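# Inside the fold
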Amino acid sequence: MLSVMILVYTSGGQQKTRDKVKRKYRQTETIREGMPEVLVSGRVFNAQKEPLAGASVVIRGSMRGVNTNEEGEYYLRGVTTGVVSFQASFVGYKTKIIDYYLQEGINDVNFTLDRENVALEPVTVTSQQREQNLPDISGSITALGSTFLASNDIRDLAQMAFFVPGLQIREQTPHRPNYVIRGLTSDEVSLTAQPRVSVYFNNVPVSRPSMASAELYDMESVEVLRGPQGTLFGRGSQAGAIHYITRKAGPRPDGFLSAGYGEFNMKDFRGAVGGTILKEKLFARGAGFYTMRDGYVTNTFGESLNGKNSLGGRFSLRYLPFWNTTVDLVVNYQQDDLPGTAFMSRQFPNTNGVSDIFKYEASLDQGEKLNNYRDILGTSLEIRRFRNENNYLTSVTSYTTNHADSRWDGDGTAAPAINMAEAIDVRQFTQELRYNFSLNSRINGFAGAGFWREKARQNYFFNPNEQYMAYLILQMPQYLVSPAGESFPMTALPPDPRLGPLAGMPLPTQHEEENITEATNQSIDLFADATWKLTWRLSLTAGIRATRETFRLSNLSRMNSGSPSTLGMLTGMYPNLFFMPVDETEEKESWTGLTYRAKLKYDLGPNSNLFAGYTKGRRPPVIQFNSSGTSEIMREETLHSFDAGLKSALGSRFWFDATAFYQLFNNFQTNAWVENNYLVRDAGKATSYGVETSAKLALLRNLTLFGNYGYIHARFDSLDSQGNAQEYAGNQFRLTPEHSFTAGVDARFPLLRGIWLFAVPSWSWQSHVWFEDANTPQLDQSAYGTLNANAGIILTQPGVTLSVSGTNLLEEKYVISAGNTGTLFGVPTYIPGPPRMISGKITWRF
């Protein structure tokens, strides 16, 4: 039997007319196939007649149930005639039960759900490639809705991470953010190294570090899934996945404009507008932002550091060519043109004789040449063809271009010793075909295939002044900078007999060398994932994904300009210092990988469940070249993850979820400095376990408490798989605090008619953290906490909000990075976290 769904954005008589056509089609096909079947279809609305996507509709006491699609529509089959009890539920709304007498043919059963008097924010979740209610997910997930994002004035990634247990985000430059989930860090040093945390933007993978940072504006929601997600998000989701979902085009005319100003000359402008272009056919939405802020670290050589200067725009188009087809086009652009990063030394003072990095004054000799630039342009086309409300074919096509370049001072001093630069260019194409199915309304899932291909190029530039670099190569860093912050050159190697014929040789001031790597990576995936209702309350979710990957990596090193390196005679890289000059060489390898999962879920009620399961995750092998131009391949990293948890919404006033997990790693891939190279190393076996919890309590209609807590014990094992002692035995994973939590209040009070006051303070705390897996002393950060808040006044009639927000209000002093390039030469650098920042904003929503 062929059923056709009509997808429209109308109301009243127009919607009824379309529903009549849909009903006629179903009746015609039922008669044609001679099947006197009982079919049930309908929609789930709220009191304002807005569709509720992801609402759960089940037949009580049976094994039949589905979730509504993005238009709030559902379709049930495999039921019998007679009186049937239907149940519709969605977090934040009162569960509704309807007894309905079903007859052969089409039965229309619609629901209108009322908000609870004291209710939590309802959020639709799409992490399992279909619209669902949060309690329907049998896994550890946090979904931040648009209301929550706006209430807490969340605009960047570091702010967002506070509200997700088990997630840490470090963003010292826009093209190398560190996403950390359950102790696994997502940074990559080889172009063939795949991320551990998969980042998606409107169903499109943007996981490469230079593409993974995004400004949060005009957002619908952010979903964070913890634990391996290979069957759902494929390659690069060994630790978890983050899905950014923006507002799409729709028929309702709406939008907003905002303008803000704050400390450090901060300026912020954002806006969006959308609506109907062609009635019932074509809808559009445009959004954009511009934000800038002077750096909070001054540089005695000119230009501030750790500042912001970003702009971006997004255009979304939705076209309905036929009654059962939707076409969504999204074009997204972002440009970041930031000043340099404050890699500061604690060992040496600046030119004013100050060595306290929390005076926020650096002396980095490159001055205005220090920079962090990045742009990303992504286009995605999603076409969805419906067979009925819960059976449809989806095609997602995307093409993304990305360029990034940065220049930084690796020694953190006034001496021109370690001056480095990097440039990255990426072109990525993806294509996915996915069929969502509902078999007799009992087995709901999807199956499909995907193709991913990228070309990437990375250039490293190193141009030291060897009259200062010599202090580091000769292990005399104490002479690099004087107590007054001045640097003095070593014009020639010392007349030390141990240097042999090199003793007394002049040292050049100009030398530049370059290392170029290029990669062509691609994969083909076949996947399937489904949930099978075993009984009225018990369901099994299982999935599998097979991946065929091909990675090709080339390497080239050369001297670009200046004099040959005298110090290169000591490092063995002459005429270069870091990279041995080699002609272009290439390595190509292919692998096949398999990931899978199986989870059981037991429903305690409409919005509560217990779950437990197992998932296998993998990180593909890595091809890399060392500084001598020699290639090596690191083995595939595997992860066996076990978790169990509880999700519960009590009366739509209290939401609580908790997950306990246990993870076993083999061939753990870590990053470390090895003989002048920052490479991937095999750290052997490791184990982690912990708990993630979050809660929301709506005490009163306008008073909500929220919070989360994460505990993780992540350590390298004592012995590897061959029984040999491991170098990092007992060490804690980098960037992984054992304890972290956030607690906050969202309070809103009426002042006068149409005038409301609101305040949303939150406190975030984390325990001690190491910045390297080697757990090197002094390359760490002790426990600390920060107080952030957003407060203001709302004028409901014109839709205007006046707000003041602040971060780190108690001016906590902490570092966000330690070690970095200088570690290799005994001069580690540190990046101080931002001081208190307060800003004001006016927003008009229409």
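Everything discussed here concerns the structure shown above.
Let me begin by describing the structure that accompanies this report. This structure is a prediction, so every number in the text was calculated from the model and none was measured.

## Re the sheet that holds strand β6 (residues 96-102)
If you walk across this open sheet you meet the 4 strands as β3-β2-β5-β6, and the pairing is antiparallel. The strands lining the two open edges of the sheet, one partner per strand, are β3 (65-67) and β6. When strand polarity is set aside, the average angle formed by the axes of neighbouring strands in this sheet is 20°. Where strand β2 (residues 56-59) lies against strand β5 (residues 82-89), 4 bridges are found, and the strand directions are antiparallel. Counterpart to Ser56 in the pairing with β5 is Ser89.

## Some thoughts on the sheet that holds strand β49 (residues 815-819)
Strand order in the open sheet formed by 3 strands is β25-β50-β49, with antiparallel pairing between adjacent strands. Strands with a single pairing partner mark the edges of an open sheet, and in this sheet they are β25 (344-345) and β49. Summarising the sheet, β25 and strand β50 (residues 829-832) pair through 2 bridges and their orientation is antiparallel. Bridge pairing links Met344 to Tyr830 in β50.

## Some remarks on the pairing of strand β38 (residues 654-666)
As paired strands, strand β37 (residues 637-650) and β38 are joined by 13 bridges and run antiparallel to one another. Paired with Ala649 across the two strands is Trp655, which belongs to β38. In sequence, β37 turns back onto β38 through a hairpin of 3 residues, with Gly651 there showing a positive phi of about 60°. Taken together, the 12 bridges between β38 and strand β41 (residues 686-700) define a ladder with antiparallel strand orientation. Considered in β41, the bridge of Thr659 is made with Glu692.

## Brief notes about the nonpolar core
If you look at soluble globular proteins, the nonpolar side chains tend to sit buried side by side. Of all hydrophobic cores here, the largest spans 53 residues; its most connected members are Met160, Leu167, Tyr179, Val222, Ile242 and Tyr244. Contact partners of Tyr179, with chain neighbours within four places excluded, come to Leu157, Gln168, Ile169, Leu184, Thr185, Ser186, Val197, Val199, Ala212, Ser213, Ile242 and Tyr244. Formed by 27 residues, the second largest nonpolar core is a distinct cluster that contains Tyr471, Leu480, Leu567 and Leu577.

## What about the packing of aromatic side chains?
In total, this model carries 29 aromatic pairs according to the counting rule given. Measuring from centroid to centroid gives 5.8 Å for Phe665 and Phe733, while their planes differ by 70°, and the two rings are edge-to-face. Here Phe665, found in strand β38, pairs with Phe733, found in the loop between β42 (703-716) and β43 (739-752); they are 68 residues apart in sequence, far enough to count as distant. The residues Phe665 and Phe733 share a single accessibility class, namely buried. A ring pair is formed by Phe716 and Phe733, whose centres lie 5.1 Å apart and whose planes are at 55°; its orientation type is tilted. Here Phe716, found in strand β42, pairs with Phe733, found in the loop between β42 and β43; they are 17 residues apart in sequence, far enough to count as distant. Pair check on accessibility: Phe716 and Phe733 agree, each one buried. Members of the aromatic cluster, joined through ring pairs, are Phe665, Phe668, Phe716, Tyr728 and Phe733. When the ring centre of Tyr217 is taken as origin, the NZ or CZ atom of Arg314, which lies over that ring, is 4.2 Å away.

## With respect to a nonpolar patch on the surface
Side chains of Leu257, Val273, Trp844 and Phe846 sit close together on the surface and give an oily, nonpolar patch of about 390 Å² of accessible area. Topologically, Phe846 is positioned in the segment after β51 (837-845).

## What about the pattern of salt bridges?
The tally for this structure, following the rule as stated, stands at 38 salt bridges. Between Glu549 and Arg618 there is a salt bridge, with the nearest N and O atoms lying 3.0 Å from each other. A residue pair is termed long-range when its members are at least 10 positions apart, and Glu549 in strand β32 (residues 538-562) and Arg618 in strand β34 (residues 608-619) qualify at 69 residues. Under the relative-accessibility criterion, Glu549 is labelled buried at 1%. By relative accessible area, Arg618 is classed as buried at 8%. Among the charged side chains, a network of salt bridges with common partners joins Asp153, Arg155, Glu215, Asp268, Arg270, Lys308 and Lys841.

How each quantity is defined
Residues numbered from 1 in each chain as written. Predicted model: local features only at pLDDT ≥ 70, side-chain atom pairs only at ≥ 80, totals over all residues. Heavy atoms only, no water. Pairing = 2+ DSSP bridges. Helix = DSSP H or I, 4+ residues; strand = E, 2+ residues; numbered from the N terminus. Axes fitted to C-alpha atoms, helices over the stretch in contact; angles between N-to-C directions. Core = buried A, V, L, I, M, F, W, Y, C linked by side-chain atoms within 4.5 Å. Buried < 20%, exposed > 50% of the residue type's maximum accessible area, 1.4 Å probe, protein only. Contact = heavy atoms within 4.5 Å. Phe/Tyr/Trp six-rings, centres within 6.5 Å; stacked < 30°, edge-to-face > 60°. Lys NZ or Arg CZ within 6 Å of the ring centre and 35° of its normal. Patch = residues over 30% accessible without salt bridge, like charges linked within 9 Å, V, L, I, M, F, W, Y side chains within 5 Å. Areas by Shrake-Rupley, 256 points an atom, 1.4 Å probe, with all protein chains shown as cover. Salt bridge = Lys/Arg side-chain N within 4 Å of Asp/Glu carboxyl O.

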